[in-house]
Amino acid sequence: MAPSRPPGGPNRPRGGWWPPASKPIRVEGGLQARSQRGRIGDTWWSQRFITVLQLIGIGGRLQRGKNYARTGQVISMEIAPGKVTASVQGSRAKPYSLSIETKVLSARDWDAAEAVMESSAIFMATLLAGDMPEDIEEAFAVSSSPLLPVSARDFDSECSCPDWENPCKHIAAVYFLLAEAFDDDPFLIFAWRGRTKAELLANLRGR
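Residues numbered from 1 in each chain as written. Predicted model: local features only at pLDDT ≥ 70, side-chain atom pairs only at ≥ 80, totals over all residues. Heavy atoms only, no water.

Trainee: Summarise the pairing of strand S2 (residues 83-88); cite the residues concerned and give the values.
Mentor: As defined by bridge partners, strand S1 (residues 74-80) adjoins S2 across six bridges and the pair is classed as antiparallel. If you follow alanine 80 over to S2, its bridge partner there is lysine 83. With antiparallel pairing between neighbouring strands as the criterion, S1 and S2 make up a hairpin whose turn holds two residues, including glycine 82 at a positive phi of roughly 80°. Here S2 runs beside strand S3 (residues 96-101); their pairing, made up of six bridges, is antiparallel. The residue bridging threonine 85 from the neighbouring strand is serine 99, located in S3. (Pairing = 2+ DSSP bridges. Helix = DSSP H or I, 4+ residues; strand = E, 2+ residues; numbered from the N terminus.)

Trainee: Which residues make up unusual backbone geometry, and what values go with them?
Mentor: The omega angle of the peptide bond from asparagine 166 to proline 167 is 10°, so this bond is cis rather than trans. In this structure, proline 167 sits in the loop between strand S4 (156-159) and helix H7 (169-184).

Trainee: Any chance you could break down the packing of helix H4 (residues 107-119) against helix H9 (residues 197-206) for me, citing the residues and the numbers?
Mentor: Relative orientation of the contacting elements H4 and H9 amounts to 55°, with a least axis distance of 10 Å. In terms of axis orientation, H4 runs oblique to H9. Two packed elements cross with a definite hand, and for H4 against H9 that hand is right-handed. In this structure, H4 uses Trp110, Glu114, Met117 and Glu118 to contact H9, whose residues at the interface are Leu200, Asn203 and Leu204. (Axes fitted to C-alpha atoms, helices over the stretch in contact; angles between N-to-C directions. Parallel < 35°, antiparallel > 145°, perpendicular 65-115°, else oblique. Left-handed = near helix turned anticlockwise from the far one by under 90°. Contact = heavy atoms within 4.5 Å.)

Coordinates in, geometry out; function isn't part of it.
Structural data, given as structure tokens:
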């Protein structure tokens, strides 16, 4: 995951720099996590996403964003192929802009994965019912790229806030809300990796 800004600079004291503690400006009508205590994410696939973040070293910094996610500091979040963009209200008057990018799978990777999905009656029935098969990652094992990112190199995040740490609490808040968005619609995972629900189901039905 690329840092949101260079690791050093003329204004950064030796030994590291941290922004002073500050209280965020409250947001009316912001995106608020459903979970107000304990873990965030209800389904196995959203928990798998959070587990991936923890395994690649991001998890220890995720906790910084839980409160932001739960108090509705995220103003907006958009999911597009290969990119999530969001606006998060911090302690400054102007909200911070951020993005989380990942690789869009190639047409060859998608064709290979869809061929595996189509060959399995369970995969087809589950997907056509709007759910996520528990063994879905097996369909992507035949391609060069898994469905869920598996290393820090698979993420490139950036935030306009002054925090040098990545993920900052604003990016971390969006990760949690992204997990809940995956709860609501598992096909958003496919869309983030480059194939919309309509495209995927049309291809499977065509096969």
